[in-house]
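Descriptive analysis of the structure
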Amino acid sequence: MRVVMKFGGTSVKDGESILHVANLVKKFEEYEKAVVVSAMAGVTDALIEAAEECYKEPSSSYVKLFIAELTKKHYEAISTAVKNPDLQNRVFEKVDKLLDELEKVLLGIGYLGELTKRSRDFILSFGERLVAPILSASLLSIGVDSLAMTGGEAGILTDRNFGRAKPVPEVYSIIKSRLDPLIKIKKSTPVITGFIGRAEDGSITTLGRGGSDLTATLVAAALDADEVWLWKEVDGVLTTDPKIVPEARLIPEISYQEAMELSHFGAKILHPRALEPVMRCEIPVRIKNTFNPEADGTVIKKESDSTKDIVKALSLIEKVAIVNIGGAGFDFAEIMSDVFRRLSRERVNVIMVSQSSSELNLSIVVDESDIERAYSALKPLENGIVSVKKLSDVAVVSAVGAGMAGTPGVAGRIFSALGKNRINIVMISQSCSEYNVSFAVSKKEGKEAVRVLHKEFELEKAK
Ligand code: ADP
Ligand code: ASP
Ligand code: MG
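Predicted, not measured: the structure shown is a model, and the values here were computed from it.

Here we take up the overall build of the protein chain. Summing up its helical and strand segments, the protein chain has 15 helices and 17 strands in all. For the protein chain, the spread of C-alpha atoms along the three principal axes comes to 75 × 55 × 40 Å. Among the 463 residues that make up the protein chain, the fraction classed as buried is 53%. Surface exposure of the protein chain reaches about 20,300 Å², of which carbon and sulfur atoms provide 50%. The protein chain carries 60 positive and 64 negative side-chain charges, and their two centres are separated by 0 Å.

With that settled, the discussion passes to the sheet that holds strand 7 (residues 204–206). Strand-to-strand pairing in sheets goes through backbone hydrogen bonds, with the strands running parallel or antiparallel. Taken in spatial order, the 3 strands make up an open sheet running 4-6-7, and their pairing is mixed. Single-partner strands in this sheet number two, and they are strand 4 (157–158) and strand 7. Where strand 6 (residues 196–199) lies against strand 7, 3 bridges are found, and the strand directions are antiparallel. Within the sheet, the bridge partner assigned to G197 lies in strand 7 and is T205.

Before going further, it helps to spend a moment on unusual backbone geometry. With a phi angle near 55°, K187 is a residue other than glycine that sits in the positive phi range. With respect to the helices and strands, the residue K187 is situated in the loop between helix 8 (171–184) and strand 5 (189–193). For K187, a relative accessible area of 54% puts it in the exposed group. Here R422, not a glycine, exhibits a phi torsion of approximately 60°, which is positive.

Following the sequence through the fold, V426 ends up in strand 16 (residues 425–430). On the basis of relative accessibility, which here comes to 39%, the residue V426 falls in the partly exposed class. Here V426 is in contact with I322, L391, A440, V441 and S442, once residues within four sequence places are set aside.

The subject of this paragraph is the packing of aromatic side chains. With the rule as written, the count across this model stands at 9 aromatic pairs. When the centroid spacing of 5.9 Å and the interplanar angle of 10° are considered together, the rings of F7 and W231 count as stacked. In this pair, F7 is assigned in strand 1 (residues 2–7) and W231 in strand 8 (residues 227–232), connecting sequence segments 224 residues apart. Each member of the pair, F7 as well as W231, is classed as buried. A connected cluster of aromatic rings, assembled from ring pairs, spans F7, F28, Y31, W229 and W231. We note R129 situated over the ring of F126; from NZ or CZ to the ring centre the distance is 4.5 Å. Of note, R280 hangs over the ring of Y172, and the distance from its end group to the ring centre comes to 4.5 Å.

In this structure the tally under the stated criterion is 29 salt bridges. For the salt bridge of E282 with K302, the shortest nitrogen-to-oxygen distance reads 3.9 Å. In this pair, E282 sits in the loop between helix 11 (276–280) and strand 10 (285–289) while K302 sits in the loop between strand 11 (298–301) and strand 12 (313–326), placing the two residues 20 residues apart along the sequence. Owing to a relative accessible area of 45%, E282 belongs among the partly exposed residues under this scheme.

So, about the site of ligand 2. In the neighbourhood of ligand 2, the contacting residues comprise S38, T44, E128, F195, R209, G210, G211 and S212. Its free accessible area being 260 Å², ligand 2 has 86% of it covered by the protein chains.

Right, let's talk about the environment of L314 for a bit. Along the polypeptide, L314 turns up in strand 12. Judged by relative accessible area, L314 falls into the buried class, the value being 3%. Measuring from C-alpha to C-alpha, the distance between L314 and R373 comes to 29 Å, with 59 residues separating the pair along the chain. If sequence neighbours within four positions are ignored, L314 has contacts with T239, T240, L262, S398, A399, V450, L453, H454 and L459.

Around ligand 1, the structure places 17 residues, and the nearest of them are K6, K232, E233, L238 and D241. K6 has a polar side-chain atom sitting 2.7 Å from an oxygen atom of ligand 1. Between K232 and ligand 1, the recorded distance is 2.8 Å, taken from a side-chain N or O atom to an oxygen atom.

This part covers the sheet that holds strand 5. Strand order in the open sheet made by the 8 strands is 3-5-2-1-8-10-11-9, with mixed pairing throughout. Single-partner strands in this sheet number two, and they are strand 3 (146–149) and strand 9 (253–255). On average, adjacent strands in this sheet sit at an angle of 20° to one another, irrespective of strand direction. Bridge count for strand 1 against strand 2 (residues 32–37) is 6 bridges, and the pairing is parallel. Paired with V3 across the two strands is K33, which belongs to strand 2. Where helix 1 (residues 15–26) meets the sheet, it contacts strand 1, strand 2, strand 5 and strand 8, and its direction lies at approximately 170° from that of strand 1. Here helix 6 (residues 126–141) sits on the sheet in contact with strand 2, strand 3 and strand 5, set at roughly 165° to strand 5.

We now examine the side chain of H271. Among the secondary structure elements, H271 is positioned in the loop between helix 10 (256–264) and helix 11. Looking at H271, the relative accessible area reads 6%, which means it is buried. In contact with H271, other than residues within four places in its own chain, are L207, G208, R209, G210, G211, D213, L214 and S263.

Further remarks concern the nonpolar core. Core analysis: the biggest nonpolar cluster contains 57 residues, and F7, L47, L102, L106 and I134 have the highest contact counts within it. The biggest single contributor to this core is helix 4 (residues 85–112), with 10 residues. For I134, the contacting residues outside a window of four places in its chain are I18, H74, A77, I78, A81, V82, V91 and V95. Membership of the second largest hydrophobic core comes to 41 residues, among which are A34, L182, A274 and I300.

The rules we used
Residues numbered from 1 in each chain as written. Chains lettered and ligands numbered in written order. Predicted model: local features only at pLDDT ≥ 70, side-chain atom pairs only at ≥ 80, totals over all residues. Heavy atoms only, no water. Helix = DSSP H or I, 4+ residues; strand = E, 2+ residues; numbered from the N terminus. Buried < 20%, exposed > 50% of the residue type's maximum accessible area, 1.4 Å probe, protein only. Areas by Shrake-Rupley, 256 points an atom, 1.4 Å probe, with all protein chains shown as cover. Lys, Arg positive; Asp, Glu negative; His and termini not counted. Charge placed at Lys NZ, Arg CZ, Asp CG, Glu CD. Pairing = 2+ DSSP bridges. Contact = heavy atoms within 4.5 Å. Phe/Tyr/Trp six-rings, centres within 6.5 Å; stacked < 30°, edge-to-face > 60°. Lys NZ or Arg CZ within 6 Å of the ring centre and 35° of its normal. Salt bridge = Lys/Arg side-chain N within 4 Å of Asp/Glu carboxyl O. Near = heavy atom within 4 Å. Polar contact = N/O pair within 3.5 Å; in protein donor to acceptor, adjacent residues only side chain to side chain. Axes fitted to C-alpha atoms, helices over the stretch in contact; angles between N-to-C directions. Core = buried A, V, L, I, M, F, W, Y, C linked by side-chain atoms within 4.5 Å.

Everything listed here is a matter of coordinates, which is why it stays silent on function.
Dropping the structure here:
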């Protein structure tokens, strides 16, 4: 059996958890395996904040304090997770070296007054680069042969779209050539930094927030693994985010398609592109709870046996905005192609589109962080006939389930439940596959809309 295991930030939040993870990996001694790890919980957010702070208000005392805090956090983790003193010293040295480098980069941002997307990715990469050597040493200290590798070293080569880099097509053969011998011949367990890759010129790139899931599935597809296990802090994929609906129920099985729709529409449980590599070769993905490892979790695979649920799960994206293009009396196809060319040039991630062609109205939902770029790319289209407007503070709710296809009246039921609860719908979209109905509401009503629909479709009840 060959397995790729990925541990998210909460799974490695402190030294005790890292040691627990190492012992969990050791249990599968007879398996061929690769481990992918995320930064310790909160570290990526802290790095983003530090980079922005150094850019806006450079202060060397701020940088010193920030580095001291990171040092403390990682030193404490090493002291608990790595028992052997020699190994411990080696990791202390490694962490010191990395933090020295980070300190210089942060000070450099302040001196230069410049924070490019490339330097931002470089700074973000430190979260994963700091933790991988600790987990690897923890494994070694309990007798599991291991070595730490960066995404780049493991063969995750990407384009230069910093912040949301895409793996190059040859990524699979490169990863295979680097990792296969280690796993098969050396019987080692590499610990690979999730989330980060390397562009052809050697620059460090990142795969987008939550990108460690994608690292794991890329590695699994490259190594032709039997399964991918994504270890998280929840029992598996639930009917919705338990932070919104505490009664959300575990979904034991879900298809690739359904899970993809959910993650694309904001379910934080999975990176939106994570399933692409494994769908092609039909490698099942298991979502499991690091802190409740005996539980079965959720399996994501080709066909789900439980397709009978009409609405299987709900997701919410809270940080979105809309650009509306309106007008009348011009060539609809022409303006559509112009709009998407402009958005693609700006690398704007389009989440959802809704359109009517009688009198042109095209609504494009984008990530809140992309709205200014999207708006300035489309604003020049404005003339006497066409108007371009933006709408902020919007949330998108999606209802997902393969059983919705061919079941009449689902959309009606959704909208009448929302209507009864006085939730106003700004825009609607349904995918052709009919696996999903998505709609936009005002940001402040997003969570309530999820609660209303969870009740309407009785998702909290065991099926
Ligand atoms: P990781 O540890 O791998 O980084 P994440 O924190 O990214 O894990 O994902 C787990 C979180 O996803 C949970 O804390 C939960 O609040 C959130 N979540 C959102 N939607 C769902 C869902 N449908 N099922 C389970 N968890 C969900
Ligand atoms: N550490 C990164 C993030 O917080 C990647 C990940 O956790 O998957 O987004
Ligand atoms: Mg995640």
